[in-house]
Amino acid sequence: MSLLSLKHLTKTFESAAGPVHAVRDVSLDVAQGECLAIVGESGSGKTTLANMILGILGQTSGEVIFNGSLLSAKRTPDQRRNIQLVQQNPLSSLNPKRSVGASVRLGLDTYRIGEKAERWQTVENALEAVGLPAEMRKRAPAALSGGQRQRVGIARALACEPELLVLDEPTSALDVLVQARVLRLLNELRAERGLTYVFITHDLAVVRNIADRVAVFQNGQLVESGTTEQIFTQPKDKYTRNLIGAVPVVDLDEMALRDKLAETT
Amino acid sequence: MIRAFRILAANPLSMVGVILVALVVLAAIFAPWIAPFPTHNGSVVDFAFANRAPSARNWMGTDLVGRDIFSRILYAYQISLVLGVVVLAIAAPVGTIFGLLAGYLGGWTESILMRIVDVFLSIPPLVLAIAMMGVLEPTLTNAMLAVTVMWWPWYARLVYAIARSEREEGYVLAAEVIGAPTSHIAFREILPNCLPAIITKMTLDMGFVIIIASSLSFLGLGVQPPTPDLGSMVAEGARYLPDSWWLTVFPGLAILIAVFGFNLMGDGLREVLGVDE
Amino acid sequence: MSTLLDIKDLHLGFKGLSGLNKVLHGISLSIEQGERVALVGESGSGKSVTARIVLGLLQETRSARISGEVTFDGNDITAMRPKMRASLRGTDMSMIFQDPTSSLNPSFTIGRQFAEVLRRRDVSLSDQDCTERATKMLEEVSIPDPVRVLNAYAFQLSGGMNQRVMIAMALANRPKLLLADEPGTALDVSVQAQTLSLMRNLVADHGTAVLFISHNLGVVREFADRVYVIYRGNIVEDGPTQALFSNPRHAYTRALMSAVPRITGAGLPEVPEVSEDFLAPQISHGSTI
């Protein structure tokens, strides 16, 4: 049974220029323990989809089913706790007026995880699990680098002990070397804790190296989905092919793959 | 803290502000010990020394019934500061709560709360205070009440604007996704980000509250004699200008120093706390 | 081929409350006429401030302490009077930025902004002249309906369109040097690819030299003739693109190269975020000649 199931999910916004179909009739399954990448350019509807999964946005029609239960607009504490978010912007996602530790502790206090007296220790363990020193819990976000802040964001999400993590462009705002470390960290954490990821990004090269399955979106619609291997070696849809072909590549093997895909158009 | 001091020190004017405020506050606190004529804050008369120009005995001269003006100014500072502190201690929290809830919760809460705020803001502040004082007995307590009623909406507006913009920030979204209760998000997440602006405004407001209160007493609507009050002192002496100039000039300067000091200090605080314009 | 831009031993520091904050520790780079040179580094490396010094923008900042030689077309930029420096901007030197929509003035039409740009070179141009030249430039950047675009405002056009408009405006006065600060980063991948290819062709046609600032190695490989890698205010490696990419020698360059994910699925190697080796001295691959 899938951990998360989206059935005919649709979201339409009313605007001055007429209805905007942000997400159109999307059906997807995410298996327990896998990393599903949601790929698309701007306007593809991927963020709207993420917001519906997280329960911050209600759908116009369709169903979101988690662990066999239908999720409604008002989520139970358990449902809310089990689906957490890692945001794109490390700076804005941490409260500048609260210590890093206080931000990480929020989930523990909200769900009364562990004894109150032990929670700071849990926070310190959480920080160490993402590669940060325990003492960092007393510091303000402004004193941390982008990569460190992003790790704090990950620690905060994991403090709730969720089953599913929605990651919305988690490394797009990070430098090259920092991105590499954080991606490895995310991979390790997923394996260690048996987490399930819905990984949203526009970066196909990242997708190739982190996802088990890929869902390609364009204009709110699911264009193509399959295993990572399938999508990158035998993409069926022209849009997918063009997307892969547009990635600026660094080494000769990549260039060969791109040329091969261009040929089959 | 060291960084805060460095920023303040880099701007000489704000240092001036801090010093002036310190002088005013110390004068007010230690008035009974510093004042050469501590009894002169009450209904004392000494016609032998009435209406004297500044001298060695009375540094700022005496008033029409012979009381030492310097001593009365020190006690008047007590009144002004108490008034300022009480007004702000009530107006700021009340306004903040209105603005915070309206700004974060939005919807009906926002509409209703901010409409109430708008009603109060639509009445010119001094007119409101004068109207209230016209109806109520002119005492210090009522003067404080009147000024508080006209002051709180400005805090509501300020905090509303900040809360509205903060609610779009990532950390608010994070708290919502985690499922933290609304009260936590409003008071433990958003409010701390409003505090620098609130504190800066309170400092700047001290000066303005003193002016408003002085204006009320100048019109005879505030504190009544024999309690010393800067505004009343200016009013009493105004008729005797330019002959007995000291009756007006020294209380006037006292107001100026207090207001100027709080203003400069508030500007400095704005920089230290990093408040945007 | 003569050297268009020559930077020798450039140092930059900012005077702050707690002393001098050094950003550039003596960098040197050169660009020949018509050459496309990339300056690659992560955030905080000093790549953006270098461009601002070349443009003469940073010299006006009170807290900036600059030393070293920056020679453009035979003239020393740092020794120049501010007015002379300013006159180079928009004429012999121009710059395009990361986010096209926010770099364009929202209150004026594209046509109006174009006219302003064109008049920097020649104040006497009539409105009609400006419209004609602007239309020609927009056609060069493959904008199908130049008239509509000239009458539009930046917020009415897409990001990709605005990027082309910015390129058109930057090249309108036939500058000798174009500085591009992370162009296309704010755009979708497919649009970015088109825009870069367009830019490459245009600068080749006009013989414009380019200083291309980026953190994206793939984009650099596709666009630049020569590359300088900058780390924390020091150039650590430089050379022709081919040579540098096929054989990166400095520890930092090697780290960057292995950190970039590949679409071939080579995996995520273990890469150090910081290392003593990154501070090793500069390695040069020589020039193309």
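Residue numbers here run from 1 along each chain, matching the order of that chain's written sequence. Here chains are named by letter from A upward and ligands by number from 1 upward, in the order in which they appear as written. Two thresholds apply to this predicted model, a pLDDT of at least 70 for residue-level local features and 80 or more for giving and counting side-chain atom pairs, whereas whole-chain, interface and lining totals are computed over all residues.

Details of the overall build of chain A
Numbering of helices and strands runs from the N terminus, with a helix taken as a DSSP run of H or I at least four residues long and a strand as a DSSP run of E at least two residues long. Counting its secondary structure elements, chain A contains ten helices and ten strands. Computation of the radius of gyration draws on C-alpha atoms alone. For the globule rule, the value is 2.2 Å times the number of residues to the power 0.38. Relative to the compact-globule value of 18 Å for 265 residues, chain A shows a C-alpha radius of gyration of 19 Å, a close match. As a rule, residues whose C-beta atom has 12 or fewer other C-beta atoms within 10 Å are exposed, those with 20 or more are buried, and those in between are partly exposed; C-beta atoms are placed from the backbone. Counting across all 265 residues of chain A, residues that qualify as buried make up 47%. Note that contacts rest on C-beta atoms placed from the backbone: two residues are in contact if these are within 7 Å. Put simply, of all contacts in chain A between residues at least 6 apart along the chain, 65% involve residues at least 24 apart.

Some points on the overall build of chain B
The helix and strand inventory of chain B stands at eleven helices and zero strands. Each helix and strand of chain B, ordered N terminal to C terminal, gives the series α-α-α-α-α-α-α-α-α-α-α. Out of the 277 residues belonging to chain B, those deemed buried represent 43%. Counted over contacts in chain B with a minimum sequence separation of 6, partners at least 24 positions apart contribute 69%.

Some points on the pairing of strand β9 (residues 226–231) of chain C
Residues and elements named next belong to chain C. Taken across its six residues, β9 has six buried, putting it largely inside the fold. Both faces of β9 are covered, namely the face carrying Arg226, Tyr228 and Ile230 and the face carrying Val227, Val229 and Tyr231. Strand direction decides the pairing type here: strand β3 (residues 36–40) and β9, joined by four bridges, are parallel. Each residue of the ladder has a partner; that of Val37, found in β9, is Arg226. DSSP bridges decide pairing: two strands pair if at least two such bridges lie between them. Pairing analysis gives six bridges linking β9 to strand β10 (residues 234–240), with the strands arranged antiparallel. Within β10, the residue paired with Tyr228 across the bridge is Asp238. Linking β9 to β10, which pair antiparallel, is a turn of two residues; within it Arg232 sits at a positive phi near 45°.

Quick notes on the interface of chain A and chain B
Contacts between the two partners involve 21 residues from chain A and, on the opposite side, 14 residues from chain B. Residues are grouped as follows: nonpolar covers Ala, Val, Leu, Ile, Met, Phe, Trp, Tyr, Cys and Pro; charged covers Asp, Glu, Lys and Arg; every other residue, Gly included, is treated as polar. Its residues assigned to classes, the side of chain A that touches chain B comprises eight nonpolar, eight polar and five charged.

A short note on the sheet that holds strand β8 (residues 196–201) of chain A
The strands making up a sheet are joined through hydrogen bonds of the backbone, oriented either antiparallel or parallel. Residues and elements named next belong to chain A. Overall, mixed pairing links the six strands, which are arranged β6-β7-β8-β3-β9-β10 in an open sheet. Looking at the sheet topology across the chains shown, the edges are occupied by β6 (83–86) and β10 (221–227). Pairwise comparison of adjacent strand axes, ignoring direction, gives a mean angle of 20° for this sheet. Here strand β9 (residues 213–218) runs beside β10; their pairing, made up of six bridges, is antiparallel. Residue Arg213 lies in a different strand from β10, and its bridge partner there is Thr227. Structural elements are reduced to axes, namely lines fitted to C-alpha atoms, with helices fitted over the stretch in contact, and the angle between N-to-C directions of any two is expressed from 0 to 180 degrees.

Things to note about helix α9 (residues 182–218) of chain B
Residue and element names in this part refer to chain B. Here a helix's expected span is defined as the number of its residues, less one, multiplied by 1.5 Å. End to end, α9 covers just 46 Å across 37 residues, shorter than the expected 54 Å (1.5 Å per residue, more than 12% under). To obtain the bend at a residue, axes are fitted to the seven residues ending there and to the seven starting there, and the angle between these axes is taken. The axis of α9 is deflected most strongly, by about 50°, at Leu191, and proline Pro192 appears within four residues downstream. Of the residues one or two after α9, Gly220 is the one with positive phi, at around 80°.

Examining the packing of helix α5 (residues 146–159) of chain A against helix α6 (residues 176–193) of chain A
Residue and element names in this part refer to chain A. The interhelical angle for the contact between α5 and α6, taken along N-to-C directions, is 20°, at an axis separation of 10 Å. Between α5 and α6, the angle is such that the two are roughly parallel. The element α5 and its partner α6 pack so that their crossing is right-handed. Facing α5, whose interface residues are Gly146, Gly147, Gln150 and Arg151, α6 presents Val178, Arg181 and Val182. Angular relationships are summarised with four words: roughly parallel below 35 degrees, roughly antiparallel beyond 145, roughly perpendicular across 65 to 115, and oblique for the angles in between. Handedness of a crossing follows from how the near helix is turned relative to the far one, being left-handed for an anticlockwise turn of less than a right angle and right-handed for a clockwise one.

Focus: the interface of chain A and chain C
Quite often, the size of an interface is put as the accessible area lost when its parts meet. Contacts between the two partners involve 31 residues from chain A, matched on the other side by 29 residues from chain C. Looking at the side of chain A that touches chain C residue by residue, the classes come out as 17 nonpolar, six polar and eight charged.

Side note on the environment of Ala134(C)
All names here are of chain C. Note on placement: Ala134 falls in helix α5 (residues 127–140). C-alpha separation for the pair Ala134 and Phe114, spaced 20 residues apart in sequence, amounts to 6.4 Å. Leave out the neighbours within four places in its chain, and Ala134 touches Gly111, Phe114, Leu118 and Leu150.

Focus: helix α7 (residues 159–171) of chain C
All names here are of chain C. Relative to the 18 Å expected for 13 residues at 1.5 Å per residue, α7 spans 18 Å between its end C-alpha atoms, a close match to the ideal helical length. Of all 13 residues in α7, eleven are buried, a share of seventy percent or more. What α7 keeps buried is the set Met161, Asn162, Gln163, Arg164, Val165, Met166, Ile167, Ala168, Met169, Ala170 and Leu171.

Concerning the nonpolar core
One finds Leu36(A), Val198(A), Phe199(A), Val147(B), Phe114(C), Leu179(C) and Leu211(C) to be the most contacted residues of the largest nonpolar core, which totals 240 residues. If you tally residues by element for this core, the top one is helix α4 (residues 69–105) of chain B, at 19 residues. Not counting the four nearest positions on each side in its chain, Phe114(C) is found in contact with Cys130(C), Ala134(C), Leu150(C), Met169(C) and Ala172(C). When buried Ala, Val, Leu, Ile, Met, Phe, Trp, Tyr and Cys residues are joined through C-beta atoms within 7 Å, the set is termed a nonpolar core.

Considerations on the domain arrangement of chain A
Residues and elements named next belong to chain A. What fixes the domain bounds is an automatic or database domain assignment. The domain architecture assigned to chain A consists of domain 1 (4–233) and domain 2 (234–265). A straight line from the C-alpha centre of domain 1 to that of domain 2 covers 28 Å. Counting from both sides, the interface comprises ten residues of domain 1 and, opposite them, nine residues of domain 2. Of all the secondary structure elements, the ones that give two or more residues to the side of domain 1 that touches domain 2 are α7 (204–210), β9, β10 and α8 (228–233). Ranked by residues supplied to the side of domain 1 that touches domain 2, first place goes to α8 with four residues.

Remarks on the packing of helix α3 (residues 100–110) of chain A against α5(A)
Residue and element names in this part refer to chain A. Following both chains from N to C, one finds α3 and α5 inclined at 20°, their axes separated by 7 Å at the closest point. Classified by the interaxial angle, the pair formed by α3 and α5 is roughly parallel. Pair α3 / α5 crosses with right-handed handedness. In this structure, α3 uses Val100, Ser103, Val104, Leu106, Gly107 and Leu108 to contact α5, whose residues at the interface are Val152, Ala155, Arg156 and Ala159. Looking at the contact of α3 with α5 residue by residue, the classes come out as seven nonpolar, two polar and one charged.

Looking at the sheet that holds strand β1 (residues 3–16) of chain C
Residue and element names in this part refer to chain C. The antiparallel open sheet is built from four strands, whose spatial order is β2-β1-β4-β5. The strands lining the two open edges of the sheet, one partner per strand, are β2 (19–32) and β5 (75–76). Here β1 pairs with strand β4 (residues 64–72) via eight bridges, running antiparallel. The residue bridging Asp6 from the neighbouring strand is Thr71, located in β4.

Topic: the environment of Leu261(A)
All names here are of chain A. Relative to the helices and strands, Leu261 is located in helix α10 (residues 252–263). The exposure class assigned to Leu261 is partly exposed, which follows from the 19 C-beta atoms found within 10 Å. On a C-alpha basis, the gap between Leu261 and Thr233 in space is 7.7 Å, while along the polypeptide they are 28 residues apart. Setting aside chain neighbours within four positions, we find Leu261 in contact with Pro235, Arg241, Ile244 and Gly245.

A few points about the pairing of β1(C)
Residue and element names in this part refer to chain C. Pairing analysis gives eleven bridges linking β1 to β2, with the strands arranged antiparallel. Paired with Phe14 across the bridge in β2 is Asn21. Between β1 and β2, which pair antiparallel and follow one another directly, the connecting turn spans two residues.

Here we look at unusual backbone geometry
That bond from Leu241(B) to Pro242(B) is cis: its omega, -10°, falls within 30 degrees of zero. Structurally, Pro242(B) is set in the loop between α10 (230–238) and α11 (246–273). You will see that Asp25(A), though not glycine, has its phi angle at about 50°, which is positive. Note on Asp25(A): 14 C-beta atoms within 10 Å, which makes it partly exposed. Phi at Asn219(A) is positive, roughly 50°, even though this residue is not glycine.

Thoughts on the confidence of the model for chain B
The predicted coordinates of low-pLDDT regions are not to be read in fine detail. The score called pLDDT rates the predictor's confidence residue by residue, from a low of 0 to a high of 100. Counting all residues, the mean pLDDT for chain B is 88, and 98% of those residues have values of 70 or more. Per the prediction output, this complex has pTM 0.87; the corresponding ipTM is 0.91.

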